[in-house]
Amino acid sequence: MLFYFQYPINMTTIIPFKILYVGDDGFHLKLKLYINGKPANVIIDTGASKTVFDKQRITKYVSSKKFKNLDNLSSGLGTSKMKSHFTTIKKLKIGEIEIEDYETVLLDLSHVNQSYHQAGLSMVEGVLGSDILLKYNAVIDYDKKKLTLKNKKIKKKL
């Protein structure tokens, strides 16, 4: 006779980030995550309600290049309202946290990347927002330049 038990596993992952000086815009926090197994740079933005990716730059990470339109306009990221789209990322990996079938918003982030280019910084694929930061109880340690995420999982054991 086999018995299955479920028990909670608390997983904590620590991801290093860089603090970038972006001229008059001040400082941004940049970290590396993985979109469908490929490395991507994102800005950590605690004021962003959702995680978003650049509509043009995401095309090198997803197989479908046809994105669904969202009926409403998005605002934020230093711009007025802009047209938005969405797609599903099969696997988004941040440190040891893996998020499967992540539905994300796509925006035109060219103005962000233009600012980065003018400041001599590498471009970013997106913005890590509060939807993920809150879900995984994010803690930002500016002194150690580390983002800590916590995930509660339920695992089965024989």
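For the structure itself, consult the block above.
Residues numbered from 1 in each chain as written. Predicted model: local features only at pLDDT ≥ 70, side-chain atom pairs only at ≥ 80, totals over all residues. Heavy atoms only, no water.

**Quick word on the overall build of the chain**
Then comes step 1: Helices and strands together make up the secondary structure of the chain, namely two helices and 12 strands.
Then comes step 2: By sequence separation, contacts in the chain at least 24 residues apart represent 61% of the contacts at least 6 residues apart.
Then comes step 3: Total accessible area on the chain stands at roughly 9,900 Å², and carbon and sulfur atoms take up 51% of it. (Helix = DSSP H or I, 4+ residues; strand = E, 2+ residues; numbered from the N terminus. Contact = heavy atoms within 4.5 Å. Areas by Shrake-Rupley, 256 points an atom, 1.4 Å probe, with all protein chains shown as cover.)

**Brief notes about the packing of aromatic side chains**
Then comes step 1: The final tally for this structure, using the stated rule, is two aromatic pairs.
Then comes step 2: Relative to Phe27, the ring of Tyr21 lies with its centre 5.4 Å away and its plane at 55 degrees, an arrangement referred to as tilted.
Then comes step 3: For Tyr21, a relative accessible area of 52% puts it in the exposed group.
Then comes step 4: On the basis of relative accessibility, which here comes to 58%, the residue Phe27 falls in the exposed class. (Phe/Tyr/Trp six-rings, centres within 6.5 Å; stacked < 30°, edge-to-face > 60°. Buried < 20%, exposed > 50% of the residue type's maximum accessible area, 1.4 Å probe, protein only.)

**Describing the pairing of strand E8 (residues 85-94)**
Two faces, one strand: in a regular strand the side chains alternate between the faces of the sheet.
Then comes step 1: Of the strand pairs in this sheet, strand E2 (residues 27-35) and E8 are connected by two bridges, and their pairing is antiparallel. In the sheet register, Ile35 faces E8, and the bridge partner there is Leu92.
Then comes step 2: Pairing geometry for E8 and strand E9 (residues 97-107), over nine bridges, is antiparallel. Opposite Phe86, over in E9, you have Val105 as the bridge partner.
Then comes step 3: What sits between E8 and E9 in their antiparallel hairpin is a turn of two residues, with Gly95 showing a positive phi close to 60 degrees. (Pairing = 2+ DSSP bridges.)

**Considerations on helix H1 (residues 110-118)**
Then comes step 1: Within H1, burial applies to Val112, Asn113 and Tyr116. Burial along H1 is one-sided: seen end-on, the buried residues are contained in an arc of 90 degrees. Away from the buried face of H1 by more than 90 degrees, exposed residues Gln114, His117 and Gln118 are located.
Then comes step 2: Taken from the residues just after H1, Gly120 is the one with a positive phi, measuring 75 degrees. (Arc of directions from axis to C-beta.)

**Observations regarding the nonpolar core**
Then comes step 1: If you look at the biggest cluster of nonpolar residues, it comprises 27 residues, and the most contacted ones within it are Leu31, Ile35, Ile58, Leu92, Ile94, Leu128 and Leu147.
Then comes step 2: Excluding residues that lie within four positions of it along the chain, Ile35 makes contacts with Ala40, Phe53, Ile58, Tyr61, Ile89, Lys91 and Leu92.
Then comes step 3: Counting residues in hydrophobic clusters, the runner-up holds 12 residues, among them Leu20, Ile43, Tyr116 and Val124. (Core = buried A, V, L, I, M, F, W, Y, C linked by side-chain atoms within 4.5 Å.)

**So, unusual backbone geometry**
Then comes step 1: The backbone phi angle of Asn36 is positive, close to 50 degrees, even though this residue is not glycine.
Then comes step 2: The residue Asn36 is located in the loop between E2 and strand E3 (38-44) in this model.
Then comes step 3: For Asn36, a relative accessible area of 28% corresponds to the partly exposed category.
Then comes step 4: Although it is not a glycine, Asp101 adopts a positive phi angle of roughly 50 degrees.

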